[in-house]
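# Chain and residue survey
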Amino acid sequence: MADIMVVFDFDKTIMDWECDDWIVHEFGLIDLVNELLPTTPWNSLMDKMMGELHSRGKTIAEIADVLKRATMHPRIVPAIKSIHALGCELRILSDANLFYIETILNHLGIRECFSQITTNPSFVDEEKGRLRILPFHDFRSSPHGCSLCPPNLCKGAVIERVQASVSAEGKKKRFIYVGDGVGDYCPSLKLSEGDFMMPRKDYPVWDLICQNPALLKAEIHEWTDGEELERVVLRLIDAIITEEEIKSGRSISSDREMQNIVDHRCACP
Ligand SMILES: Cc1ncc(C[n+]2csc(CCOP(=O)(O)O)c2C)c(N)n1
Ligand SMILES: [Mg+2]
């Protein structure tokens, strides 16, 4: 088992879409969202939209069917399966919600590739058959205090918690973090030397990182689409495994892999 943990963002990383936007678009909720947006935090807004769908007679199965139609790059699923087959631990860290993510991952047959999904909780109100979406952090009773992140979820705090639990077990893991959004910036700052940050090129997290790449201790490797994500992540895993083998004296050195890594470093302006 490789001591590598690959952390995936979900929306616009695994999926082409932000799932909330997909739902809002497909169910024709855009006007209502725009009306409520100035006065309602996003997380509560989506909970309200689930109430709205319920009152319009839309079932949870219909919501699931819409989610299953959301598109993604054809290399994402093979990439996830390959990472899993290489013995890496895979996790999801997302500001979507558990219902969306589990519905889509089960539909794709890759739910079992992930050891943990950290996101906003959701549950079905059994009595009413209505989907509820809750914030990951209870921001009224215990705000996370991070100014970079939305009130409902600080992904940096989650990464710190994961790092602490890994070291409490006396283990050392190398992290690879793949993401696109503003919310992926805070966790990128928490990664350690020897870790890898994979920001999606020309997306918000890439713009933020490029303002001052020296703030990151992790090595930065950009990607543009599912095909490049697959290529870069598999190359990084290969290089980490080779490096660990060299350190433990189990393998011949691999100049080729190391050169590949250097070639693919982020070309931030
Ligand atoms: C106008 C507007 N305000 C706020 C939001 C909220 N929001 C931004 S990114 C995202 C999903 C992140 O999931 P992941 O962490 O998996 O990328 C969410 C729920 C929005 N979509 N539109
Ligand atoms: Mg995202």
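Since this is a predicted model, take the numbers as computed values, not measurements.

About the cut-offs
Residues numbered from 1 in each chain as written. Chains lettered and ligands numbered in written order. Predicted model: local features only at pLDDT ≥ 70, side-chain atom pairs only at ≥ 80, totals over all residues. Heavy atoms only, no water. Disulfide = S-S within 2.5 Å. Buried < 20%, exposed > 50% of the residue type's maximum accessible area, 1.4 Å probe, protein only. UniProt positions renumbered as here; feature names shortened; annotations may be inferred. 1 Å grid on protein atoms, 1.4 Å probe; cavity = no way out; pocket = protein on both sides within 12 Å on 5 of 7 lines; lining within 4 Å. Helix = DSSP H or I, 4+ residues; strand = E, 2+ residues; numbered from the N terminus. Polar contact = N/O pair within 3.5 Å; in protein donor to acceptor, adjacent residues only side chain to side chain. pLDDT = per-residue confidence, 0-100. Points joined across faces, edges and corners; volume = space filled by probe spheres on them. Nonpolar A, V, L, I, M, F, W, Y, C, P; charged D, E, K, R; others polar. Salt bridge = Lys/Arg side-chain N within 4 Å of Asp/Glu carboxyl O. Donors = N, O, S within 2.8 Å, 3.2 Å for Na, K, Ca; no water. Pairing = 2+ DSSP bridges.

Our focus in this paragraph is the state of the cysteines. The final tally for this structure, using the stated rule, is zero disulfides. With no disulfide of its own, Cys88 lies closest to Cys113 among cysteine sulfurs, the gap being 11 Å. Its relative accessible area of 3% is what places Cys88 among the buried residues. For the unlinked cysteine Cys186, the closest cysteine sulfur is that of Cys146, found at 3.8 Å.

With that settled, consider the UniProt feature "active site" (unreviewed entry) in the protein chain. Residues annotated by UniProt as "active site" (unreviewed entry) correspond here to Asp9 and Asp11. Of the residues annotated just before, the largest pocket has Asp9 and Asp11 among its lining. Its place among the elements puts Asp9 in the loop between β1 (4-8) and α1 (19-26). Judged by relative accessible area, which is 5%, Asp9 ranks as buried. A polar side-chain atom of Asp9 sits 2.7 Å from a polar atom in the side chain of Thr13.

Quick look at the confidence of the model for the protein chain now. Close inspection of predicted coordinates is inappropriate in any region flagged by low pLDDT. When pLDDT is averaged along the protein chain, the result is 93; 93% of the residues meet or exceed 70. With a pTM of 0.92, the predicted complex shows an ipTM of 0.92.

Moving on: empty space enclosed by the protein. Throughout the structure, instances matching the rule amount to three cavities of 30 Å³ or more. Computed from the structure, the largest cavity encloses a volume of approximately 50 Å³. Along the walls of the largest cavity sit Met5, Val7, Arg91, Ile92, Leu93, Gln116, Thr118, Val158, Ile159 and Val162, which together make up its complete lining. Mapped by element, the contributors of at least two residues to the lining of the largest cavity are β1, β2 (89-97), β3 (114-120) and α7 (155-168). Taken together, the residues of the lining of the largest cavity sort by class into seven nonpolar, two polar and one charged. Computed from the structure, the second largest cavity encloses a volume of approximately 40 Å³. What lines the second largest cavity is Thr13, Ile14, Met15, Asp16, His73, Ile76, Arg200, Trp223, Asp225 and Gly226.

With that out of the way, let us pick up the pattern of salt bridges. Scanning all chains against the criterion turns up 18 salt bridges. In this structure, the salt-bridge partner of Glu52 is Arg56, at a minimum N-O distance of 2.9 Å. Residue Arg56 is classed as partly exposed on the basis of its relative accessible area of 43%. In this structure, the salt-bridge partner of Glu243 is Arg174, at a minimum N-O distance of 3.4 Å. Of this pair, Glu243 sits in helix α10 (residues 226-247) while Arg174 sits in strand β6 (residues 174-179); the two residues are 69 residues apart in sequence, bridging distant segments of the chain. The class of Glu243 is partly exposed, set by a relative accessible area of 27%. One network of salt bridges, with partners in common, ties together Arg174, Glu243, Glu244 and Lys247.

What follows covers the coordination of the magnesium ion (ligand 2). Within the protein, the magnesium ion (ligand 2) binds to Asp9 (OD), Asp11 (O) and Asp180 (OD); these donor distances fall in the range 2.0 to 2.2 Å. If you list the donors of the magnesium ion (ligand 2) from N- to C-terminus, the spacing comes out as D-x1-D-x168-D. Highlighted residues: Asp11 in the loop between β1 and α1 and Asp180 in the loop between β6 and α8 (185-190), separated in sequence by 169 residues. Just as Asp11 is buried, Asp180 falls in that class too.

So, on to the pairing of β1. Burial within β1 is extensive, with five of its five residues counted as buried. Neither face of β1 is exposed, since Ile4, Val6 and Phe8 on one face and Met5 and Val7 on the opposite face are all buried. Bridge analysis of β1 against β6 gives five bridges, and the strand direction is parallel. Its bridge partner being in β6, Phe8 is matched across the sheet by Val178. Note that β1 and β2 share four bridges and pair parallel.

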